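As a plain string of letters, each chain reads:
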Amino acid sequence: AGKWHLGEAVKKHFDVVKEADVSGFQLPTGAAEKLGKFVQQMKGDARSGCEQWVPTLKSRPKDKPFFLWLAALDPHRPYDENIRETSYQPQDIVIPPYVIDHPSVRKDLALYYDEIARLDDYIGRVLDELDRQGIADNTLILYMSDNGRPFVRDKTTLYDSGIRTPWLMRWPRGIRPGNTTKSVVSAVDIAPTFLELAGFKPSILWEGHSFTKLFSNPKAIIRKYAYAEKHWHDYEDQARAVRSERFKYIRNFYPDLPLTPSADGVRSPMYREMIKLRDAGKLKPHQMTTFITPRPEEQLFDCEVDPHELKNLADDPKYASVLSSMRAALKTWQSDYNDYIPTIRTADEFDRETGLATPARIRPRPSKAEMLKGVLKGRLR
């Protein structure tokens, strides 16, 4: 129930899909007309995408186990004002060092936090309904996000602000309240965890690792590294990252391209002001990250002492061994999962300066020999 972001092919695997109204999103041409027969499209001012969460929970078959995927449009852009009786105030906002401190930026972030607060309200209603049905103690809840916030140097980047998302779990019967862990986990670990709890034995086909042992022992080690990928998203790019408990390694395969935010981020008040200051030569070095080319091919950060990932340690001899081990870990991961960098680049869909859609770019279709050469080159890399 809510935002549907899993593609059309898997809708048939759900008993019920209540898809939120996405009229506020910029969708590909014809996408709105292709909603499947399993969808009950929500109408009206359903901007949060959460209105069907509790009704879906209420209407579930009471004699069966259930799995609910409750997804929100909050806090996706665009943002509306006055959505709550008590709003966040711009003067109270903490500004990250890699963006500018400007009234329009503070207002934009305040509206973003308003949407998060509205989302929290809906989560509270779900928790209340679980209590009302008497099933809260034996219901496992995982609260997470699919990416970082849609601001500059956050969403669509491999910095922690882009990939280290909220991760909260609640299961009174199986998890002691108040526990926290520094253990590295990845989104690919969710499926093995749920399957193990459902009684399935681990399979060699599972890419991730079950993290159920963390429920009783927060100091347990599930994996040494988590891996992240950046591919085309509104704009062309190819990058990979390796994250340990302390360090982050990023490999930029297209360093000639700037680290342009997602198109909604480019259109945001923050980025519009940053472009003005860039042109006036008034941005600080850390605020130039999304504009600089070429980018470093390799980046290494000590996330414990540098949580905003501002100081690249890749060329520092003191961290040579860390760089070498994380570089090797990425190479092994790419080999294990046949990950390769395409030899043919995909055109941007939006202008990198304005965020507006660009005319279709016509490029000659590569021959079968060229495509085969590209595949083989990637596999042998």
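About the cut-offs
Residues numbered from 1 in each chain as written. Predicted model: local features only at pLDDT ≥ 70, side-chain atom pairs only at ≥ 80, totals over all residues. Heavy atoms only, no water. pLDDT = per-residue confidence, 0-100. Contact = heavy atoms within 4.5 Å. Buried < 20%, exposed > 50% of the residue type's maximum accessible area, 1.4 Å probe, protein only. Helix = DSSP H or I, 4+ residues; strand = E, 2+ residues; numbered from the N terminus. Salt bridge = Lys/Arg side-chain N within 4 Å of Asp/Glu carboxyl O. Pairing = 2+ DSSP bridges. Core = buried A, V, L, I, M, F, W, Y, C linked by side-chain atoms within 4.5 Å. Polar contact = N/O pair within 3.5 Å; in protein donor to acceptor, adjacent residues only side chain to side chain.

Undergrad: Now, about the confidence of the model for the protein chain: what can you tell me, with residues and values included?
TA: It should be kept in mind that the predicted coordinates are not to be read in detail where pLDDT is low. Averaged over every residue, the pLDDT of the protein chain is 89; residues scoring 70 or more account for 88%. Contacts for the low-pLDDT stretch residues 26-45, under 50 throughout, to residues beyond four places or in other chains number 33 contacts.

Undergrad: Report on helix α4 (residues 190-197), specifying residues and quantitative values.
TA: Of the residues making up α4, those classed as buried are Ile-190, Pro-192 and Thr-193. Taken together, the buried residues of α4 touch β1 (141-144) and β2 (167-170). One or two positions beyond α4, positive phi appears at Gly-199, with a value near 105 degrees.

Undergrad: An account of the pattern of salt bridges is requested, with residue identities and associated values reported.
TA: Applying the stated criterion across every chain yields a total of 26 salt bridges. In this structure, the salt-bridge partner of Arg-223 is Asp-189, at a minimum N-O distance of 2.8 Å. Remark: Asp-189 occurs in the loop between β2 and α4 and Arg-223 occurs in the loop between α4 and β3 (226-230); sequence separation between them is 34 residues. Arg-223 gets classed as buried once you look at its relative accessible area, which sits at 12%.

Undergrad: Outline the pairing of strand β6 (residues 298-302), supporting the account with residue identities and numerical values.
TA: The two faces of a sheet get side chains in turn, since along a regular strand they alternate between them. Within β6, 4 of the 5 residues are buried, which leaves it mostly tucked inside the rest of the structure. Bridging between strand β5 (residues 247-252) and β6 involves 5 bridges; their strand directions are antiparallel. Paired with Phe-247 across the strands is Asp-302, a residue of β6.

Undergrad: Give me the lowdown on the nonpolar core, citing residues and values where you can.
TA: Val-99, Met-270 and Met-274 are the most contacted members of the largest nonpolar core, which has 23 residues in total. Mapped by element, the contributors of at least two residues to this core are α2 (103-133), α5 (263-266) and α6 (269-279). Excluding anything up to four places from it in sequence, Val-99 contacts Val-152, Met-270, Met-274 and Gln-287. One finds Leu-313, Ala-314, Leu-323 and Ala-329 within the second-largest nonpolar core, a separate group that totals 13 residues.

Undergrad: Lay out the side chain of Glu-19 with the relevant residues and their values.
TA: Topologically, Glu-19 is positioned in the segment before α1 (53-59). A distance of 3.2 Å separates a polar atom in the side chain of Glu-19 from a polar atom in the side chain of Lys-11.

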